[in-house]
Amino acid sequence: MSDPDSGAERRRIWIDCDPGHDDALAIILAHEHLDLIGISTVFGNQSVDKTTINALSISALAGIDVPVVRGAAGPLIGKVIDGSDVHGKTGIDGAELPPPRAVPVEAPLATYLPDLLERNGWSIDLIATGPLTNIANLLTDWPNAGRFIKSISLMGGSTENGNVTPAAELNIYADPEAAKVVFESAIPLIMAGLNVTTTVGADQPDIDMLRQSGGRVAAALSGMLDFYRRRQIEIYDRHIAPFHDPCAVLAFIRPELFTYRPAHVAVETSGELTRGMTVCDFRMVHSQTVSHIRPSKPANTRVAVACASREIVDFVIATIIETDRRLGERTAGGVN
Ligand code: RIB
Ligand code: CA
């Protein structure tokens, strides 16, 4: 699909997510600026039943008409954890969303996506903004995955502290074995971790400005962001609604707003204190003559280490306002 403004061919992408306040922003960004061909849902911020309803409701709100595939209800091994502390009992508390207009595709992602891509001869880039269970199953069950998936841009992990434990971030901690599969897959990876994503988000003036823009999408999302920011203040004393997941999408839309460094990233699955940690090796120690220093493995990930926070927030808010304008035009044109 070509971009209506530039005419350039848009990057074809599929997003796997656990909506989720910031996942909602990621879905809208992907639809407005990329060629979004489908959404799959996973447990994480809430149960997969709730994240699936939320994905369908966000699609109804923003006029997004793509298949939604219900994904995994739990991790490859271990118990299900969820992000309801932050995202509330619906998984997207604070947003007045319309009811779903569609039903989810019941086929597993590891069947539906390979069939779609092989039948059409399409290659895609994947965006993952929740636990990586669906992606691990896809890569494990589809031997040709590397021929059709050009890269994976994910929100997860951290080069510093986690948010569930001092070492582990939620998306990785929820299914470390799945994350290990993805980071060992040899598919080029882009990682937006908490070290960057906690530095970017909407403050109260941003949320108020969005609400005052007057559109239906802006009204729903400003209510959502108010709730999300309030929980951040209560839990982390963080006075913004963090744009974690949009950072994974913006890697394909506005990469110049980020600084990336190559690193070998591995996932700890057995540490008592560090299970779910993304161990990022920036050392670039390639000498084989050292005896006690373990050489670095080849980089498998471009890790975000800095970002232009203000420009990111302005771009996300402008996209939401543009979504309302596009929908308004469609309604005025009688096509809704
Ligand atoms: O740790 C932040 C991540 O966990 C984000 O993807 C957020 O949506 C939650 O899923
Ligand atoms: Ca998420």
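As a reminder, the structure under discussion sits directly above these lines.
S.K.: If you had to explain the site of ligand 1 to someone new, which residues and values would you point to?
M.R.: Ligand 1 sits among Asp18, Asp22, Asp23, Asn45, Thr129, Met155, Asn163, Glu169, Leu170, Asn171, His244 and Asp245. At 3.0 Å, a side-chain N or O of Asp23 approaches an oxygen atom of ligand 1. Between Asn171 and ligand 1, the recorded distance is 3.0 Å, taken from a side-chain N or O atom to an oxygen atom. Protein chains bury 97% of the 270 Å² of accessible surface belonging to ligand 1 in isolation.

S.K.: Report on the pattern of salt bridges, specifying residues and quantitative values.
M.R.: A complete count under the given rule lists 15 salt bridges for this structure. With a shortest N-O distance of 2.6 Å, Arg326 and Glu32 are connected by a salt bridge. In this pair, Arg326 is assigned in helix H13 (residues 309-332) and Glu32 in helix H1 (residues 21-33), connecting sequence segments 294 residues apart. Glu32 shares its class with Arg326; the two are buried.

S.K.: Can you break down helix H2 (residues 48-62) residue by residue, with the values?
M.R.: Between its first and last C-alpha, H2 extends 21 Å over 15 residues, near the 21 Å set by a 1.5 Å rise per residue. Residues of H2 that are buried include every one of Val48, Thr51, Thr52, Asn54, Ala55, Leu56, Ser57, Ile58, Ser59, Ala60, Leu61 and Ala62, and no others. Looking one or two places after H2, you find Gly63, whose phi comes out positive at around 65°.

S.K.: Quick one: what's the story with the side chain of Thr133, residue by residue and with numbers?
M.R.: If you trace the backbone, Thr133 turns up in helix H5 (residues 133-141). Aside from chain neighbours lying at most four places away, what touches Thr133 is Val42, Phe43, Ala72, Gly74, Pro75, Leu76, Asp175 and Ala178.

S.K.: Could you give an account of the pairing of strand S6 (residues 189-192), with specific residues and numbers?
M.R.: Burial along S6 is two-sided: the face carrying Leu189 and Met191 and the face carrying Ile190 and Ala192 are both buried. Here S6 runs beside strand S11 (residues 301-307); their pairing, made up of 3 bridges, is parallel. Counted as the bridge partner of Met191 is Val303 from S11.

Here is what the cut-offs are and how they apply
Residues numbered from 1 in each chain as written. Chains lettered and ligands numbered in written order. Predicted model: local features only at pLDDT ≥ 70, side-chain atom pairs only at ≥ 80, totals over all residues. Heavy atoms only, no water. Near = heavy atom within 4 Å. Polar contact = N/O pair within 3.5 Å; in protein donor to acceptor, adjacent residues only side chain to side chain. Areas by Shrake-Rupley, 256 points an atom, 1.4 Å probe, with all protein chains shown as cover. Salt bridge = Lys/Arg side-chain N within 4 Å of Asp/Glu carboxyl O. Helix = DSSP H or I, 4+ residues; strand = E, 2+ residues; numbered from the N terminus. Buried < 20%, exposed > 50% of the residue type's maximum accessible area, 1.4 Å probe, protein only. Expected span 1.5 Å × (residues − 1). Contact = heavy atoms within 4.5 Å. Pairing = 2+ DSSP bridges.

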